[in-house]
Amino acid sequence: VQLQASGGGLVQAGESLRLSCAASGRLASTSSRAWFRQAPGKQREFLAEIDWSGGYTTYIDSMKGRFTISRDNAKSTVYLQISSLKAEDTAVYYCAAALTTSRAGSDPGEYDYWGQGTQVTVSS
């Protein structure tokens, strides 16, 4: 599975952004997928996960309400919609895939493949 993240950029505080993660390769549409982010000097942080069918989603508590994860298996693409962006959302956002038919969880070690990351910078 190869992952390609896109959609990042420089935005103003309060605006919204949609990140995309396109997957290719074997099992691209049947893997659990997640988004993480990493700010400078900080550990990689779990944001959200969606299972292979899209029927299950979970979020880190602090992001509930502002972040929405979704997927389109016909396009092998997972999205992360972020609303009401804040300066503290500035980070590199990574998508990940886990070769499991169940839920992978919030531990980065449970994911088998990673995208290259897309930078999101929020100016206040």
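Quick note: structure is the one above.
Calculation criteria
- Residues numbered from 1 in each chain as written.
- Predicted model: local features only at pLDDT ≥ 70, side-chain atom pairs only at ≥ 80, totals over all residues.
- Heavy atoms only, no water.
- Helix = DSSP H or I, 4+ residues; strand = E, 2+ residues; numbered from the N terminus.
- Rg over C-alpha atoms; globule rule 2.2 N^0.38 Å.
- Buried < 20%, exposed > 50% of the residue type's maximum accessible area, 1.4 Å probe, protein only.
- Areas by Shrake-Rupley, 256 points an atom, 1.4 Å probe, with all protein chains shown as cover.
- Lys, Arg positive; Asp, Glu negative; His and termini not counted.
- Charge placed at Lys NZ, Arg CZ, Asp CG, Glu CD.
- Contact = heavy atoms within 4.5 Å.
- Core = buried A, V, L, I, M, F, W, Y, C linked by side-chain atoms within 4.5 Å.

Asker: Where do I start with the overall build of the protein chain in this structure?
Answerer: For the protein chain, the helix and strand inventory stands at 0 helices and 11 strands. Expected size for 124 residues packed as a compact globule is a radius of gyration near 14 Å; at 13 Å, the protein chain falls within 12% of this value. Principal axes of the C-alpha set define a box for the protein chain whose edges measure 40 × 25 × 25 Å. In the protein chain, which comprises 124 residues, the proportion classed as buried is 42%. Counting every atom, the protein chain has about 6,100 Å² of accessible surface; 46% of that belongs to carbon and sulfur. Seen as two clouds, the 12 positive and the 11 negative side-chain charges of the protein chain have centres 4 Å apart.

Asker: Help me understand unusual backbone geometry in this model?
Answerer: Among all residues save glycine, negative phi is the norm, and among peptide bonds the norm is trans. One non-glycine residue, Ser76, lies in positive phi territory at about 50°. Mapped onto the secondary structure, Ser76 falls in the loop between strand E7 (67-72) and strand E8 (77-82).

Asker: How should the environment of Ile50 be read in this particular structure?
Answerer: One can find Ile50 in strand E5 (residues 45-50). Owing to a relative accessible area of 2%, Ile50 belongs among the buried residues under this scheme. The sequence separation of Ile50 and Ala97 amounts to 47 residues, and the corresponding C-alpha distance is 9.8 Å. Look past the residues within four positions of Ile50 in its chain and what remains in contact with it is Ser32, Arg33, Tyr56, Thr57, Ile69, Ser70, Arg71 and Val78.

Asker: So what exactly am I meant to see when it comes to the nonpolar core here?
Answerer: When a protein is soluble and globular, its nonpolar side chains tend to lie buried together. Of all hydrophobic cores here, the largest spans 27 residues; its most connected members are Leu19, Trp35, Phe67, Ile69, Leu80 and Tyr93. Counting only elements with at least two residues in this core, the list comes to strand E1 (2-6), strand E3 (17-24), E5, E7, E8, strand E9 (91-98) and strand E11 (118-123). When sequence neighbours within four positions are dropped, the list of residues in contact with Leu19 reads Ser6, Gly7, Gly8, Trp35, Val78, Tyr79, Leu80, Ile82, Tyr93, Thr118 and Val120. Counting residues in hydrophobic clusters, the runner-up holds 7 residues, among them Ala34, Phe46, Ala98 and Tyr111.

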